[in-house]
Amino acid sequence: MKVIMATSNANKVKEIQQMLEGTDIEIVSLKEAGIVMDVEETGTTFAENAALKAEAVRDASGTTAIADDSGLVIDYLGGAPGIYSSRFMGEDTSYDIKNNAIIEKLNGVPDEERSARFVCAVAIAFPDGHTETAEGIFEGRIAYEPAGCGGFGYDPIFYLPERGCTSAELTAEEKNAISHRGKAIKKAVEILQNV
């Protein structure tokens, strides 16, 4: 089964392709499908934004499309950056700068108030016009300093107390097994295989 992934983020495509190894689902990127589009994320939730992207690609291609919207939710910051995670401080701002800014905002905040989670909503838009969503949550807290060079985005500051490291210090296999995206993709695969 070929499914178009509604993203231009090569890291996301690679991560999801790794998660789908061993299934009969083949992910094709927008570029590989010859689709050029940038869908404005006007939703108020991760699920709404994922559905907007998946449905736009489905409508443009006539085939099943999958999209995710994910981000970092920090309790001390009232849920920020949340659905604005990729646009926090501007889309062209490097994650090194974003990560250091978040650490600075939490300067002096104790462990118990540094709780955070990654949230991922995956939407699957089917050619018959219906859309289904799946969600995954990855709990942790904000580290005191960045660590690790794996993963991408906010991974270097997302500390996992039960593992004693950040998600950027996990192997790709370890991260995919427990991450928000890994959990959401696992549910999405079940939806795809049941259709």
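Please read all numbers here as calculations on a predicted model, not as lab measurements. (Residues numbered from 1 in each chain as written. Predicted model: local features only at pLDDT ≥ 70, side-chain atom pairs only at ≥ 80, totals over all residues. Heavy atoms only, no water.)

Caption draft 1: Highlighting the pattern of salt bridges. Within the structure shown, the criterion is met by 9 salt bridges. One salt bridge connects R117 with D75, and the closest N-O pair in it is separated by 2.9 Å. Of this pair, R117 sits in strand β4 (residues 115–125) while D75 is found in the loop between β3 (65–74) and α4 (95–105), placing the two residues 42 residues apart along the sequence. Overlapping salt bridges bring together E41, K53, D69 and R87 as one network. (Salt bridge = Lys/Arg side-chain N within 4 Å of Asp/Glu carboxyl O. Helix = DSSP H or I, 4+ residues; strand = E, 2+ residues; numbered from the N terminus.)

Caption draft 2: Structural view of helix α3 (residues 46–61). Compared with an ideal rise of 1.5 Å per residue, which puts 16 residues at 22 Å, α3 spans 23 Å between its outermost C-alpha atoms and is within 8% of the ideal. For α3, every residue scored as buried is listed here: F46, N49, A50, A51, K53, A54, V57 and R58. Next to the buried residues of α3 lie β1 (2–5), α2 (30–33), β3, β4 and β5 (131–142). Looking one or two residues past α3, G62 carries a phi angle of roughly 75°, positive in sign. (Expected span 1.5 Å × (residues − 1). Buried < 20%, exposed > 50% of the residue type's maximum accessible area, 1.4 Å probe, protein only. Contact = heavy atoms within 4.5 Å.)

Caption draft 3: Expanded view of the pairing of strand β2 (residues 26–29). As defined by bridge partners, β1 adjoins β2 across 4 bridges and the pair is classed as parallel. Counted as the bridge partner of M5 is S29 from β2. (Pairing = 2+ DSSP bridges.)

Caption draft 4: Examining the sheet that holds strand β6 (residues 158–160) more closely. In space, the 7 strands of this open sheet follow the order β2-β1-β3-β4-β5-β6-β7, with mixed pairing throughout. Sheet topology places β2 and β7 (165–166) at the edges, where each strand pairs with a single neighbour. Two strands pair when backbone bridges link them, and β4 and β5 are joined in this way by 11 bridges, in the antiparallel orientation. Paired with R117 across the two strands is E139, which belongs to β5. Contacts from helix α1 (residues 10–19) reach β1, β2 and β3, with the element oriented near 170° to β2. Across the face of the sheet, α3 comes into contact with β1, β3, β4 and β5 while running at roughly 160° to β3. (Axes fitted to C-alpha atoms, helices over the stretch in contact; angles between N-to-C directions.)

Caption draft 5: Structural detail: the nonpolar core. Counting 20 residues, the largest nonpolar core has L20, I27, I66, V122, I124 and I185 as its most contacted members. Only β1, α1, β4 and α6 (180–194) provide two or more residues apiece to this core. (Core = buried A, V, L, I, M, F, W, Y, C linked by side-chain atoms within 4.5 Å.)

Caption draft 6: Structural detail: the packing of aromatic side chains. According to the stated counting rule, one finds 4 aromatic pairs in the structure shown. Seen in terms of ring centroids, F118 and F158 are 4.4 Å apart; in terms of plane orientation they differ by 50°. Their pairing is tilted. Pair noted here: F118 is in strand β4 and F158 is in strand β6, with a separation of 40 residues, a long-range link. Assessed through its relative accessible area of 6%, F118 is described here as buried. Judged by centre distance (5.2 Å) and plane angle (50°), the ring pair of F138 and F158 falls under tilted. A residue pair is termed long-range when its members are at least 10 positions apart, and F138 in strand β5 and F158 in strand β6 qualify at 20 residues. Taking relative accessible area as the criterion, F138 reaches 3% and is therefore assigned buried. For F158, a relative accessible area of 0% corresponds to the buried category. (Phe/Tyr/Trp six-rings, centres within 6.5 Å; stacked < 30°, edge-to-face > 60°.)

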